[in-house]
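One letter stands for each residue in the lines below.
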Amino acid sequence: MSTTGAAIELRGVTKTFGGTTAVANLDLTIPRGALYGFIGPNGAGKTTSIRMIMSILFPDSGELKVLGRDSALDAKDKIGYLPEERGVYRKMRVAAYLMYIARLKGVPDKGLSERVSAYVARVGLAGVEGKRCEELSKGMLQKIQFVAAIIHEPDLLILDEPFSGLDPVSMRQLREQIIAEHARGATILFSTHVMQQAEEICDHVVMIHRGRKMLDDPVSSIRSRYDPRALVLEPLDAGADVAGVRALAGVESCERHEGAYNVELEPGFDVAGAISRIAAALPVARIEVKRPRLEDVFVQIVTDRGDSADAARALRAELADQSPQAAI
Amino acid sequence: MSKVLQIAGREFVATVFTKAFIIGLLVFPAIVGVMSLVGPKLFGPDPNFAIAGQLAVVDPTGEVTPELHSALIKGTPAADLAAVIRAAQGEAFGGSVLSALGAAPKLTLVERPAEVNLEQEKAWLRVEDKDSPHLALAVIHANAVEPKPGETALGSYDLYVPPKQDTRVEIGVQQAVREAIIGARFKARGLDRGQVNDLSTVPRVRSVTVSDSADRGTVGGFQFVLPLAFMFLLFMGVMGSGQGLLTTTIEEKSSRVIEVLLSAVSPMQLMAGKLLGHMAISLLAMSLYIAMGLAVLTSFSLFGLLNFALIPYLLVFFVLAFFTIGSLMMAVGSAVNDMREAQSLMLPMTLLLIVPWILWMPISRDPDSTLSVVVSFLPPVNSFGMLLRLASSHPPPTWQVWLSIAIGVLGVVGAVWFASKVFRIGLLMFGKPPNFGTLVRWVRDA
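Residues numbered from 1 in each chain as written. Chains lettered and ligands numbered in written order. Predicted model: local features only at pLDDT ≥ 70, side-chain atom pairs only at ≥ 80, totals over all residues. Heavy atoms only, no water.

## Section: the overall build of chain B
Where we set the bar: Going along the chain from the N terminus, every DSSP run of H or I of four or more residues is numbered as a helix, and every run of E of two or more is numbered as a strand. Accessible area is worked out with a 1.4 Å probe on protein chains only. A residue is then buried under 20% of its type maximum, exposed over 50%, and partly exposed in between. Contact between two residues is taken to exist if any of their heavy atoms lie within 4.5 Å; hydrogens are not considered. Using a 1.4 Å probe, accessible areas were evaluated by the Shrake-Rupley method; residue-level cover was limited to the displayed protein chains.
Scanning chain B from N- to C-terminus turns up 16 helices and six strands. Residues classed as buried in chain B amount to 44% of the 446 residues present. The long-range fraction of contacts in chain B, counting pairs at least 24 apart against all pairs at least 6 apart in sequence, stands at 75%. For chain B, the computed accessible surface area is about 22,500 Å², with 65% contributed by carbon and sulfur atoms.

Set out below in structure tokens:
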């Protein structure tokens, strides 16, 4: 196993529960200072992988290094972790809870109270330090839990589904905090089944499905690799005849869809040239490249790897249930 | 180590500084105090209670009825009856009978002929008479005073009472008839009952305990109660905090705070911190009770009767029992989702902890018996067994105490090893609660 400056290194990590393989032969390298999205549908193996990275679970086989150590147990004070299943001591006061977690993370007592107040204010909750945790709303608690994950200024921050259950305003605040932590220099591994969130925050995406890694690339690379060959066409006259468009060279199909037309181009055809020719053939109100949705990429990868069409459809339906449509 | 202490400190503070703990800690001594004040009034004799009504007697001997008549009907003062009972039964038991009887009875004696139809007489008991209720029918056996010719055995009597009869009335009537039969027997033989009583009575004396410091009157039952008191302290300490470990572990697991903790500490650190914190809680409670016990002994000038070497032994055996039971409780807490699911896994442990209570009497009475020795070497009850023997009137040899401690340490190592394996896996397991077989599989897999 190499000893590069990676924040997280997994080599051939496998974990089974009884007869179920949760994670199979997973290789993963996350460089220091990166912001990685760890995506996949529910049950894909994301949380199990994260728990192994955190040394909460231990792999059946494979090698694992976290911040250069063989076990996260040796580096827990440098890791911030917001688990998917998170909770607090409901009877404890907010400040006492955060101070307790901070002390467990090795933060010295000196100035701890002030640090707690500053972090609580940073997430927009100044003044709640004296309240019992049970008095806070779910969204407020989630912010407190995020503070508990970052109060010791970790080198590595692992966030498992950090946005679940948050309203849009809180979601935006939390996104800003994650970006701020990244800007501070923390390496961030961010797990979600909502692919749009990964796209908005991360610069690199790891896709996992049924415990196996399906994709591990920068978002920009994914964009170029899964180059679009579909356009969205909205004629100036909604009732205009699009037969001329269908007859253009390189156009495979032109089908009406939700008040506009989906124009499919032949593989390898020049997109810019097609746009010019369509605009010349028909007065258009709007014509643009239809950017591929992340879930499309995901389903395509799954299908390419041999899953049946039915399995791919089921996966697409599952992803559609879980997330708003996301485009890269 | 500092993380372990942090966890221990939080467990201690979160438990000790709660109203529930303070109330729980004080409730036992409070109950004892209140009962010592109110108990005699609640359970003692009612001075206003008097047996009043009719007692039917069928007396084929013709000798018992006059005795009964003179004792009960002719306005014999309660003091005379008390004297009779005391003379017959001695101060100790007679006193309790008198207490049960309360005020002197106001009975009307209904004499029935010897050749009566018993069924008709029984029917008399079912006749309601609000002014003078029908209390009982006593049928004296023909040989109650004199044996039948050719026999030596004396007879007794049959007593019939209506349904829902007050037990105090029944006891009073039984006592009166019994006294009357005894009186008739004495009279029939021309004996002076008072003289016989005097001759057959030797007053009970109080022994004197000779100690190194000074001789003092032996306190009845002290050596009997002392092992029980020590076992109670041990049981309270182990079960009180064991229960706390179980519930806090379940709470942390069900509230999902456990994964946050596991991101900061290892399962072993978490387990060690919780064990230490709850051990400190139990030690606090035990110290308070020990201090209260010593204060009571001092107030009754019994301080010198206690062997103070027992207190360090209590602490040693507490630590052994606590780590054994406490770690297993945590294992159970980590494996289940709520208290209801914990019950089935707790059952074997609860049954084990009942064993010392069942064996308290035989061990205290015979601390060197094979049973006592075996129990004091058998974890996890060895701590209880050995402490009972140490506090008894005949403590075991020192080598047995050290052997029991050594076995206890091995028991602790085994229990903590088993519990740590279950704890590590169980904490993140949700859904169907495991059975014992699953726990064993977890231990193998961990």
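## Points about the overall build of chain A
Of the regular secondary structure elements, chain A holds 11 helices and 13 strands. When the 328 residues of chain A are sorted by exposure, 52% land in the buried category. Sequence-distant contacts in chain A: of pairs separated by 6 or more residues, those separated by 24 or more amount to 68%. Of the roughly 14,100 Å² that chain A leaves accessible, carbon and sulfur atoms contribute 48%.

## Some points on the sheet that holds strand β1 (residues 52-58) of chain B
Residue and element names in this part refer to chain B. Worth spelling out the cut-off: A pair of strands is labelled paired if DSSP reports no fewer than 2 bridges between them. Only C-alpha atoms enter the line fits that serve as axes; for helices the fit covers just the stretch in contact. Angles between N-to-C directions range over 0 to 180 degrees.
Here four strands make up an open sheet; going across it, the order is β2-β1-β3-β4 and the pairing mixed. For this open sheet the edge positions go to β2 (106-112) and β4 (157-160), each flanked by a neighbour on one side alone. Going from strand to strand, the sheet's axes swing by 20° on average, the running direction of each strand aside. When β1 meets β2, the two strands line up parallel, connected through seven bridges.

## Describing the nonpolar core
Going by this rule: Each nonpolar core is a collection of buried residues, namely Ala, Val, Leu, Ile, Met, Phe, Trp, Tyr and Cys, held together in the definition by side-chain atoms within 4.5 Å.
Counting 169 residues, the largest nonpolar core has Tyr97(A), Leu98(A) and Ile158(A) as the members making the most contacts within it. Ranked by residues supplied to this core, first place goes to helix α11 (residues 310-335) of chain B with 15 residues. Contact partners of Tyr97(A), with chain neighbours within four places excluded, come to Gly87(A), Val88(A), Tyr89(A), Met92(A), Cys133(A), Ile144(A), Ala148(A), Val257(B) and Val260(B). Within the second largest apolar cluster, 22 residues are counted, among which are Val145(B), Tyr157(B), Val169(B) and Ala184(B).

## Brief notes about the interface of chain B and chain A
Counted only if it meets this: By buried area we mean the combined loss of accessible area, with a 1.4 Å probe, across both parts when two parts are placed together. The rule for a salt bridge is simple: a side-chain nitrogen of Lys or Arg has to be within 4 Å of a carboxyl oxygen of Asp or Glu. Polar contact is the term for a pair of N or O atoms within 3.5 Å; when the atoms are in protein, one must be able to donate a hydrogen and the other to accept it, and sequence-neighboring residues count only if both atoms are side-chain atoms. Note on residue classes: Ala, Val, Leu, Ile, Met, Phe, Trp, Tyr, Cys and Pro are nonpolar, Asp, Glu, Lys and Arg are charged, and everything else, Gly too, is polar.
Each partner contributes to the interface: chain B provides 18 residues, whereas chain A provides 22 residues. For chain B, the biggest contributors to the area lost against chain A are Arg10(B), Glu259(B) and Ser263(B); these three give 28% of the whole. Remark: the boundary between chain B and chain A carries two salt bridges. As a salt-bridge pair, Arg51(A) and Glu259(B) come within 2.8 Å of each other at their nearest N and O atoms. Here chain B is connected to chain A by nine residue pairs in polar contact (both at pLDDT 80 or more). For the side of chain B that touches chain A, the secondary-structure elements that each account for two or more residues are α1 (2-16) and α9 (257-262) of chain B. Tallied by class, the residues present in the side of chain B that touches chain A amount to eight nonpolar, four polar and six charged.

## Here we look at the sheet that holds strand β6 (residues 156-160) of chain A
Sheet strands pair via backbone hydrogen bonds, and the direction of the pair is either parallel or antiparallel. All names here are of chain A. Read from one edge to the other, the open sheet built from six strands follows the order β5-β6-β7-β3-β8-β9, with strand pairing classed as mixed. A strand with exactly one partner marks an edge of an open sheet, and here the two such strands are β5 (79-82) and β9 (212-218). The mean angle between the axes of side-by-side strands here comes to 15°, regardless of whether they run parallel or antiparallel. Pairing analysis gives four bridges linking strand β3 (residues 35-39) to strand β8 (residues 204-209), with the strands arranged parallel. Bridging across to β8, Phe38 finds its partner in Val206.

## A word on the confidence of the model for chain B
Residues and elements named next belong to chain B. The condition that has to hold: What pLDDT reports is the predictor's confidence in each residue, on a scale of 0 through 100.
Summing up the model confidence of chain B, the mean pLDDT is 82 and the portion of residues at 70 or higher is 87%. Of all the helices and strands in chain B, helix α4 (residues 78-101) carries the lowest mean pLDDT, 51, while β4 carries the highest, 93. Contacts from residues 74-79, a stretch scored under 50 in pLDDT, to residues over four places away or in other chains number five contacts. We note a pTM of 0.70 for the whole complex and an ipTM of 0.75 for its interfaces.

## A word on helix α12 (residues 339-365) of chain B
Residues and elements named next belong to chain B. Applied cut-off: The span one expects for a helix is its residue count, reduced by one, times 1.5 Å. One axis fitted to the seven residues ending at a residue, another fitted to the seven starting there: the angle between these axes is the bend at that residue.
Here α12 contains 27 residues, and its C-alpha end-to-end distance of 38 Å stays within 8% of the 39 Å for a straight helix at 1.5 Å per residue. The principal kink in α12, of about 50°, is found at Met346, preceding the proline Pro348 by one to four residues. Buried residues of α12: Glu341, Ala342, Leu345, Met346, Met349, Leu353, Pro356, Leu359, Trp360, Ile363 and Ser364, and no others.

## A word on the packing of aromatic side chains
Filter applied, for reference: To pair, rings of Phe, Tyr and Trp, with the six-membered ring standing in for Trp, must have centres within 6.5 Å; the planes then decide the type, stacked if under 30 degrees apart, edge-to-face if over 60, and tilted in the middle. In this scheme, the term charge over a ring applies when either NZ of a lysine or CZ of an arginine sits within 6 Å of the ring centre and within 35 degrees of the ring normal.
A complete count under the given rule lists six aromatic pairs over all chains for this structure. Relative to Trp357(B), the ring of Phe235(B) has its centre 5.3 Å away and its plane inclined at 85°; by these criteria the two rings are edge-to-face. Placement of the pair is Phe235(B) in helix α8 (residues 222-254) and Trp357(B) in helix α12, with a sequence separation of 122 residues. Here Phe235(B) falls in the partly exposed class, since its relative accessible area comes to 22%. Here the aromatic rings of Phe318(B) and Phe322(B) are separated by 5.6 Å at their centres, their planes lie at 35°, and the arrangement is tilted. With Phe318(B) and Phe322(B) both in helix α11 and four residues apart, the pair spans about one turn of that helix. In this structure Phe318(B) comes out as buried when scored by relative accessible area, which is 0%. One aromatic cluster in this structure is built from Phe235(B), Trp357(B) and Phe384(B). In this structure, Arg10(B) packs its charged tip against the face of Tyr89(A), placed 3.6 Å from the ring centre.

## Some words on unusual backbone geometry
A cis amide bond links Pro379(B) with the next residue in sequence, Pro380(B), at an omega value of 10°. Locating Pro380(B) in the fold gives a position in the loop between α13 (370-375) and α14 (382-391). The phi angle at Asn25(A) is positive, at roughly 50°, despite the residue not being glycine. Following the sequence through the fold, Asn25(A) ends up in strand β2 (residues 20-31). Unlike most non-glycine residues, Glu153(A) shows phi in positive territory, near 50°. A residue is classified by how much of its surface remains accessible, and Glu153(A), at 40% relative accessible area, is partly exposed.

## Section: the side chain of Gln177(A)
Inspection of the secondary structure puts Gln177(A) in helix α5 (residues 168-184). Setting aside chain neighbours within four positions, we find Gln177(A) in contact with Arg122(A), Val123(A) and Phe146(A).

## Observations concerning a nonpolar patch on the surface
All names here are of chain B. As a reminder of what qualifies: Only residues whose relative accessible area exceeds 30% and that take part in no salt bridge are eligible for patches, with like-charged residues grouped when within 9 Å of each other and nonpolar side chains (Val, Leu, Ile, Met, Phe, Trp, Tyr) grouped when within 5 Å.
Taken together, the side chains of Ile23, Val27, Phe28, Ile31, Val32, Val34, Met35, Leu37, Val38, Leu42 and Phe43 define a hydrophobic patch exposed on the protein surface, amounting to about 1,100 Å² of accessible area. Position of Val34 relative to the elements: it lies in helix α2 (residues 19-43). Judged by its relative accessible area of 47%, Val34 falls in the partly exposed class.

## Overview of the pattern of salt bridges
Side-chain pairs of opposite charge can arise where the charged atoms are in close proximity. Counted under the stated rule, the structure contains 25 salt bridges over all chains. In this structure, the salt-bridge partner of Asp77(A) is Lys3(B), at a minimum N-O distance of 2.6 Å. Residue Asp77(A) is located in the loop between β4 (61-66) and β5, and its partner Lys3(B) is located in helix α1; the two belong to separate chains. Connected through shared salt-bridge partners, Arg10(B), Glu11(B), Glu252(B) and Lys274(B) make up one network.

## Examining the side chain of Glu121(B)
Residue and element names in this part refer to chain B. Along the chain, Glu121 turns up in helix α5 (residues 118-125). By relative accessible area, Glu121 is classed as buried at 4%. Only 2.8 Å separates the side chain of Glu121 from the side chain of Arg112, close enough to count as a polar contact. Setting aside residues up to four positions removed in sequence, Glu121 forms contacts with Arg112, Val116 and Leu137.

## Side note on the environment of Gly268(A)
Of note, Gly268(A) is situated in the loop between β12 (260-265) and α9 (271-281). Here the alpha-carbon distance between Gly268(A) and Arg229(A), two residues 39 residues apart in the chain, equals 7.9 Å.

## Notes on the confidence of the model for chain A
Chain-level statistics for chain A give a pLDDT mean of 84 and a share of 88% at 70 or above. Across residues 322-328 of chain A, confidence stays below pLDDT 50; counting only partners more than four residues off in sequence or on other chains, it has 29 contacts.

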